[in-house]
Amino acid sequence: MQIADFTLERYFAQWEFQVRHLLCASDLEPYSMRELLDLAEPPTRGLWDNLRLGYTESLGHPLLRAEIAGLYATVSPEEVITFVGAEEGIFLAMHALLAAGDHAVVMWPAYQSLYEVARSIGASVSLVPLDPESWQFDPDAVLAAVRANTRVIVINFPHSPTGALASREAVEYLATHAEQRGIALFSDEVYRGLEFDEALRLPAGVDIGRKTLSLGVLSKTFALAGLRVGWIATHDSLLRERLARLKDYTTICGSAPSEILAIAALRARERVVARSRDIIGRNLPVLDRFFEQHHRQFTWVRPRAGSVAFPRLNSEEPGAIDRFCADLVEREGVLLLPGSRFEHTGNHFRIGYGRSDMPLALERLEHFVRGRQ
């Protein structure tokens, strides 16, 4: 397989565990093992205490698949396949849906694997940008990019890295038109549940289309990136069969300890998600004040969901944000993610507000910004 370097992940490989503050983290403050086990009710704790470290079921532990199915309105446990993180799900879904000569439409900016895996297969990709002034989503622009050989449309809401949300009407309109044309709709929903206004939460893709795939993971909303548990839910039985056969060539099955811990987290989902929402609720106003105070240096489009945003450094100089981020990490030990790592040229950067140390990291950014004035 020939595939381009994953520039975002190479950036994190260099810096993530070397800096004092990760101000661009996409996940939430991680649970400790003790905290998570304290959430486990006696039946789940019994699963943990009696766990045998053998191979697990390839599609996922039946109890885990049942808990995941409970996140959706129309999904049965048999319609869920688990993966090692969301990344495996993305990789295998693109291989199941695409072949050389096919075409994919991907909303952008986007996590690189959502389009780079398609390119590595030999498919062509059309990137359809959100409006950079508001991060507004236009489903007609996505449909205008469709070709006769389009096999999949990729959307992501709540959106990373901008924190944007589409309207229910826009997503349902897109899903209807995709299904009418026989095109799979791949819906990346890893931040679902972190909408600031719960009334704006979109229905899961799998709940609005027969050919739609919903991608989920425990890394973001559930603050358990270290478990490496992701999944795809879809009503398309033929696609599920292709995914299962492809998984035989990657991980085969998941980690037994991770599956039981995932069951514990999902059974305590209300408390787990409430914790995540509380962290975001405390941190986001701090970011609002920072960007209000520094409106000359930065443009801030307030996110509507998730744990990341994509503000802009107000400079017309190409590559200014890369130099800004490099100087920041050198002088203050604080890491931001330049938009160039999303192939974006607008001097934007990803900032994360799901970690407990965000206010302290922002103080160091404040010190750096004032030193530049």
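For the structure given in this document, a descriptive report is provided here. (Residues numbered from 1 in each chain as written. Predicted model: local features only at pLDDT ≥ 70, side-chain atom pairs only at ≥ 80, totals over all residues. Heavy atoms only, no water.)

### A short note on the side chain of threonine 82
Rules: Per the convention used, a helix needs a DSSP run of H or I reaching at least four residues, while a strand needs a run of E reaching at least two, with both numbered from the N terminus. Contacts between residues were defined by any pair of non-hydrogen atoms, one from each residue, lying within 4.5 Å.
Tracing the backbone shows threonine 82 in strand β2 (residues 80-84). When near neighbours in sequence (up to four residues on either side) are disregarded, threonine 82 contacts Ser58, Leu59, Gly60, Leu64, Arg65, Ile68, Gly230, Trp231, Lys247 and Glu259.

### Focus on the environment of cysteine 253
Our working definition: Burial status follows relative accessibility: with a 1.4 Å probe on protein chains alone, a residue under 20% of its type maximum counts as buried, one over 50% as exposed, and anything between as partly exposed.
You can see cysteine 253 is positioned in the loop between α9 (237-247) and α10 (256-267). Judged by relative accessible area, which is 12%, cysteine 253 ranks as buried. C-alpha separation for the pair cysteine 253 and glycine 60, spaced 193 residues apart in sequence, amounts to 7.1 Å. With sequence-adjacent residues up to four places away left out, cysteine 253 is seen in contact with Tyr55, Thr56, Glu57, Ser58, Val84 and Lys247.

### Describing the packing of helix α11 (residues 269-293) against helix α13 (residues 358-372)
Two numbers describe a pair of packed helices, the interaxial angle and the distance between the axes. Cut-off, in case you're wondering: Here, axes are lines fitted to C-alpha atoms. For helices the fit covers the stretch in contact, and angles between N-to-C directions go from 0 to 180 degrees. By definition in this entry, angles of less than 35 degrees are roughly parallel, angles greater than 145 are roughly antiparallel, angles of 65 to 115 are roughly perpendicular, and the rest are oblique. Note that Gly is not counted as nonpolar here; it falls among the polar residues with everything else outside the nonpolar set of Ala, Val, Leu, Ile, Met, Phe, Trp, Tyr, Cys and Pro and the charged set of Asp, Glu, Lys and Arg.
Put simply, α11 and α13 touch, their axes get as near as 10 Å, and they point 10° apart. In terms of orientation, α11 lies roughly parallel with respect to α13. Across the interface between the two elements, Asn283, Val286, Leu287, Phe290 and Gln293 of α11 pack against Met358, Pro359, Leu362, Leu365, Glu366, Val369 and Arg370 of α13. For the contact of α11 with α13, the residue count by class is eight nonpolar, two polar and two charged.

### Quick notes on the packing of aromatic side chains
Between two aromatic rings, the relevant description is the distance of the centres plus the angle of the planes. For clarity, the cut-off: Any Phe, Tyr or Trp ring, taking Trp's six-membered ring, that has another such ring centre within 6.5 Å forms a pair; planes under 30 degrees apart are called stacked, those over 60 apart edge-to-face, and the others tilted. Comment: the charge-over-ring label is applied if NZ (Lys) or CZ (Arg) is within 6 Å of the ring centre and within 35 degrees of the ring normal.
In this structure the tally under the stated criterion is 12 aromatic pairs. Between phenylalanine 291 and tryptophan 300 the ring centres are 4.4 Å apart and the planes differ by 10°, which places this aromatic pair in the stacked class. What links up through ring pairs into an aromatic cluster is the set Phe290, Phe291, Phe298, Trp300, Phe324, Phe349 and Phe368. The ring of tyrosine 31 carries arginine 275 above its face, with NZ or CZ at 4.0 Å from the centroid.

### A closer look at the nonpolar core
The condition that has to hold: What is meant by a nonpolar core is a set of buried Ala, Val, Leu, Ile, Met, Phe, Trp, Tyr and Cys residues, joined one to another through side-chain atoms within 4.5 Å.
Among the nonpolar cores identified, the biggest contains 130 residues, and Phe137, Ile153, Phe186 and Phe324 are the most heavily contacted of them. Of all the elements, α11 adds the most residues to this core, at nine residues. Discounting residues that sit within four places of it in the chain, phenylalanine 324 has contacts with Phe298, Leu313, Leu336, Leu365, Phe368, Val369 and Arg372.

### Regarding the sheet that holds strand β4 (residues 124-129)
The following threshold applies: We treat two strands as partners when DSSP finds at least two bridges between them.
Pairing in this open sheet of seven strands is mixed, and the strands run β2-β8-β7-β6-β5-β3-β4 from one edge to the other. Because the sheet does not close on itself, it has two edges, and the strands there are β2 and β4. Neighbour-to-neighbour, the strand axes of this sheet turn through a mean angle of 20°, independent of strand direction. Two elements, strand β5 (residues 150-156) and strand β6 (residues 184-188), share five bridges in a ladder whose sense is parallel.

### Quick look at the sheet that holds strand β10 (residues 308-309)
The strand order across the open sheet built from three strands is β10-β14-β13, with neighbouring strands paired in antiparallel fashion. Pairing within the sheet leaves two strands with one partner each, and these edge strands are β10 and β13 (337-338). By the bridge criterion, two bridges tie β13 to strand β14 (residues 349-352) in an arrangement that is antiparallel. Pairing of leucine 337 across the sheet is with arginine 350, part of β14.

### Here we look at unusual backbone geometry
Here tryptophan 108 and proline 109 are connected by a cis peptide whose omega angle stands at 5°. Here proline 109 is to be found in the loop between β3 (103-108) and α6 (113-121). In this structure, tryptophan 135 is a non-glycine residue whose phi angle is positive, near 60°. When its relative accessible area of 3% is taken as the criterion, tryptophan 135 is described as buried. Unlike most non-glycine residues, isoleucine 252 shows phi in positive territory, near 70°. Within the fold, isoleucine 252 resides in the loop between α9 and α10. For isoleucine 252, a relative accessible area of 46% puts it in the partly exposed group.

### With respect to the pairing of β3
Rule in force here: For crossovers, right-handed means that the path from the first strand over the helix to the second runs clockwise, given strands pointing away from the viewer.
In terms of burial, β3 is largely enclosed, as six of its six residues are buried. Of the two faces of β3, both are covered, the one formed by His103, Val105 and Met107 as well as the one formed by Ala104, Val106 and Trp108. Across six bridges, the pairing between β3 and β4 is parallel. Bridge pairing in β4 links methionine 107 to valine 128. Taken together, β3, α6 and β4 constitute a β-α-β crossover, and its handedness is right-handed. Examined bridge by bridge, β3 and β5 share four bridges and lie parallel to one another. Its bridge partner being in β5, valine 105 is matched across the sheet by isoleucine 153.

Just geometry here; none of it tells us what the structure is for.
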